[in-house]
Amino acid sequence: MTTVDARTVLGDPVHFLAFGAGAGLAPKAPGTVGSLWGVLLAWLTAGWSLPLQCLLLAVLSVAGIAICGESARRLGEHDHPGIVWDEIAGCYLTLLVAGDDPIWLAAGFAAFRLFDIWKPWPIRDLDHRLHGGAGIMLDDLVAGVYGAVILAVIKWVSSTV
């Protein structure tokens, strides 16, 4: 793993964005720290319409392909642990079903992190087979879908009990 210092991240707009405004510099669990930006973004946009939230997710995803890919290229390492834009987008995707209730935001955050770390099929395959920005983004977006499905099921079951 390439060591990246704060000066490199904070002094380069591409790395600054890819590293989640410095969240990816966390010495332990940078993906978890970066995912917290996704929670904040979900909370801030919870009052938006679903189509507008989905548009934001699409912008995050498309921009993330370019940003993460360029950051990885400059670092010379595919999916450096400090690149957390993908976690922000993936967590945000999961939290589209959470609303603004802190309990559901926390549950969605946990569900996303579970799938992002565990990487069940096909997430692990995507992570290993795809390269560049698309590969960096896609495994986290699929983890986000898995997290969203689980969160939606839990919300549905809890509302029927």
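Structure first, text after, so check above.
Every value quoted in this text rests on a predicted model; they were computed, and no experiment measured them.

1. Quick look at the pattern of salt bridges
Scanning the model with the defined rule gives six salt bridges in all. For Asp12, the salt bridge identified is with Arg74, shortest N-O distance 2.6 Å. In this pair, Asp12 sits in the loop between helix 1 (6-10) and helix 2 (13-18) while Arg74 sits in helix 4 (residues 50-75), placing the two residues 62 residues apart along the sequence. Close ionic contact of Arg73 with Glu70 constitutes a salt bridge, the shortest N to O distance being 2.5 Å. Separated by three residues within a single helix, Arg73 and Glu70 lie in helix 4, roughly one turn from each other.

2. Observations regarding helix 3 (residues 30-44)
Here helix 3 is 15 residues long and its end C-alpha atoms lie 22 Å apart, about the 21 Å a rise of 1.5 Å per residue gives. Of the residues making up helix 3, those classed as buried are Pro30, Gly31, Gly34, Ser35, Gly38, Val39 and Ala42. As for helix 3, its buried residues are in contact with helix 5 (85-95) and helix 6 (102-118).

3. As for unusual backbone geometry
Following Trp121, the chain continues into Pro122 via a peptide bond in cis, with omega recorded as 0°. Looking at where Pro122 falls in the secondary structure, it is placed in the loop between helix 6 and helix 7 (123-129). For Ala29, which is not glycine, the phi torsion reads 50° and is therefore positive. Note that Ala29 resides in the loop between helix 2 and helix 3. Positive phi, normally seen in glycine, also occurs at Asp79, with a value near 50°. Within the secondary structure, Asp79 is located in the loop between helix 4 and helix 5.

4. Notes on the packing of aromatic side chains
In the structure shown here, the tally under the stated rule is two aromatic pairs. Summarising the aromatic geometry, the rings of Phe115 and Trp118 are spaced 5.8 Å apart at their centres and angled 25° between planes, so their arrangement reads as stacked. Here Phe115 pairs with Trp118, and both are found in helix 6, just three residues apart, close to one helical turn. On the numbers, 5.5 Å between centres and 90° between planes, the contact of Phe115 with Tyr146 is edge-to-face. Highlighted residues: Phe115 in helix 6 and Tyr146 in helix 8 (residues 132-160), separated in sequence by 31 residues. On the accessibility criterion, Phe115 (9% relative accessible area) is buried. According to the relative accessible area criterion, Tyr146 is partly exposed, its value standing at 25%.

5. Some points on helix 4
For helix 4, which comprises 26 residues, the first-to-last C-alpha distance of 36 Å matches the rise-based estimate of 38 Å (1.5 Å per residue) to within 8%. Helix geometry: helix 4 is bent most strongly at Gly64, by close to 30°. Restricting attention to buried positions, one finds in helix 4 the residues Gln53, Leu56, Leu57, Leu60, Ser61, Gly64, Ile67, Cys68, Gly69, Ser71, Ala72 and Leu75. The inward-facing, buried residues of helix 4 contact helix 2, helix 3, helix 5 and helix 8. After helix 4 finishes, the residue Gly76 shows a positive phi value of roughly 75°.

6. Details of the nonpolar core
In terms of nonpolar packing, the biggest core is built from 36 residues, with Phe19, Ile83, Tyr92 and Leu95 touching the most fellow members. At the level of secondary structure, the elements contributing two or more residues to this core comprise helix 3, helix 4, helix 5, helix 6, helix 7 and helix 8. In contact with Phe19, other than residues within four places in its own chain, are Val4, Val9, Gly24, Leu25, Ser71, Leu75, His80, Gly82, Ile83 and Val84.

Reading the values: rules and limits
- Residues numbered from 1 in each chain as written.
- Predicted model: local features only at pLDDT ≥ 70, side-chain atom pairs only at ≥ 80, totals over all residues.
- Heavy atoms only, no water.
- Salt bridge = Lys/Arg side-chain N within 4 Å of Asp/Glu carboxyl O.
- Helix = DSSP H or I, 4+ residues; strand = E, 2+ residues; numbered from the N terminus.
- Expected span 1.5 Å × (residues − 1).
- Buried < 20%, exposed > 50% of the residue type's maximum accessible area, 1.4 Å probe, protein only.
- Contact = heavy atoms within 4.5 Å.
- Phe/Tyr/Trp six-rings, centres within 6.5 Å; stacked < 30°, edge-to-face > 60°.
- Bend = angle between axes of the 7 residues up to and from the residue.
- Core = buried A, V, L, I, M, F, W, Y, C linked by side-chain atoms within 4.5 Å.

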